[in-house]
Amino acid sequence: MEPVPPTNSLRRAPVQQRSAERLARILDACAQLLDETGYEQLSTRAVAARAGVPIGSVYRFFGNKRAMADALAQRNLDRYAERISGRISAMPGEDWRGAIDAVLDEYIAMKRTVPGFRLVDFGVQIPMGTRAGGPGDADINYRVTDRLTDLLSAHLGRTPDAALRRTVLVAVEAADAVLQLAFRVRPSGDPDLITETRAVLHAYLARTLD
């Protein structure tokens, strides 16, 4: 069963397995419909119909479709962190390049395969799926930075201090910009630009992690 998003994105957190499973179905339906119809055409009624639940079940958890999309984004970030953890747990602690490759590879894999991820990824941007450099982007990338700093510092045996968080934030911002370009150039991600992203991350992080 998928992890439950943090309660700040929900009207009410599920307390029983049956409710948690219903919430997971609602988020799955939201993700599918985002891919099929986009955010503008998304509605709580359509999500309820796709999930096979009464409309009241959707409103029990979410006040509107924005809250539902934000909960999906938080679930994506939890899933992303779990996938990275699974990859790096088998790596030696000194292999920071392997860990960074896992961070990049798992993002690309989710971008290509996870329903709704192309529009939402780790936070809601309005218009949906845009990266215009607005304040919302900063909030999203800080959220991602915090998770990655904690994961990488634990794996590499480093202190997650302000300097490391700043370094990871710059890496996240740089990778985000180039990857957004890569997926604009080609829906599956331009391979040459993905290679450039990897080179940028390795070169920049070597100053701190070597």
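Relevant structure appears above.
A short tour of the structure in this document, coming up. (Residues numbered from 1 in each chain as written. Predicted model: local features only at pLDDT ≥ 70, side-chain atom pairs only at ≥ 80, totals over all residues. Heavy atoms only, no water.)

## Brief notes about helix 2 (residues 44-51)
Thought 1: Residues of helix 2 that are buried: T44, V47, A48 and A51. Summarising the axial view, the buried residues of helix 2 lie within an arc of 100°, below the 170-degree limit, and thus occupy one face. Of the exposed residues in helix 2, those oriented more than 90 degrees away from the buried face are R45 and A49.
Thought 2: Where the residues of helix 2 are buried, they touch helix 1 (17-37), helix 3 (55-61) and helix 4 (65-88).
Thought 3: G52, located one to two residues past helix 2, shows a positive phi value of around 70°. (Buried < 20%, exposed > 50% of the residue type's maximum accessible area, 1.4 Å probe, protein only. Helix = DSSP H or I, 4+ residues; strand = E, 2+ residues; numbered from the N terminus. Arc of directions from axis to C-beta. Contact = heavy atoms within 4.5 Å.)

## Comments concerning the pattern of salt bridges
Thought 1: Tallied over the full model, the rule gives twelve salt bridges.
Thought 2: With a closest N to O distance of 3.2 Å, D210 and R97 form a salt bridge. Residue D210 is found in the segment after helix 9 (191-209), and its partner R97 is found in helix 5 (residues 96-113); the two are separated by 113 residues along the sequence.
Thought 3: Residue D210 is classed as exposed on the basis of its relative accessible area of 60%.
Thought 4: Residue D101 is joined to R198 by a salt bridge in which the shortest nitrogen-to-oxygen separation is 3.1 Å. Of this pair, D101 sits in helix 5 while R198 is found in helix 9, placing the two residues 97 residues apart along the sequence.
Thought 5: With a relative accessible area of 24%, R198 lands in the partly exposed category. (Salt bridge = Lys/Arg side-chain N within 4 Å of Asp/Glu carboxyl O.)

## A look at the packing of helix 5 against helix 9
Thought 1: Relative orientation of the contacting elements helix 5 and helix 9 amounts to 145°, with a least axis distance of 10 Å. Crossing of helix 5 over helix 9 shows right-handed handedness. In this structure, helix 5 uses W96, R97, I100, D101, L104, D105, I108 and R112 to contact helix 9, whose residues at the interface are I194, T197, R198, L201, H202, L205, A206 and L209.
Thought 2: Counted by class, the contact of helix 5 with helix 9 contains nine nonpolar, two polar and five charged residues. (Axes fitted to C-alpha atoms, helices over the stretch in contact; angles between N-to-C directions. Left-handed = near helix turned anticlockwise from the far one by under 90°. Nonpolar A, V, L, I, M, F, W, Y, C, P; charged D, E, K, R; others polar.)

## Concerning helix 1
Thought 1: For helix 1, built from 21 residues, the straight-helix expectation of 30 Å at 1.5 Å per residue is met to within 8% by its first-to-last C-alpha distance of 30 Å.
Thought 2: S19, A20, L23, A24, I26, L27, A29, C30, A31, L33 and L34 are the residues of helix 1 that are buried.
Thought 3: At its buried positions, helix 1 is contacted by helix 2, helix 3, helix 4 and helix 6 (117-120).
Thought 4: Of the residues one or two after helix 1, G38 is the one with positive phi, at around 85°. (Expected span 1.5 Å × (residues − 1).)

## Section: the packing of helix 1 against helix 4
Thought 1: Between helix 1 and helix 4, the least distance of the axes is 10 Å, while the angle of their chain directions is 100°. Classified by the angle their axes make, helix 1 and helix 4 are roughly perpendicular. Here A24, I26, L27, D28, C30, A31 and L34 of helix 1 come into contact with helix 4, specifically with M68, A69, A71, L72 and R75.
Thought 2: The residue makeup of the contact of helix 1 with helix 4, split by class, is ten nonpolar, no polar and two charged. (Parallel < 35°, antiparallel > 145°, perpendicular 65-115°, else oblique.)

## Considering the environment of P187
Thought 1: Within the element layout of this structure, P187 appears in the loop between helix 8 (162-185) and helix 9.
Thought 2: C-alpha of P187 to C-alpha of K111: the two residues are 76 residues apart in sequence and 9.5 Å apart in space.

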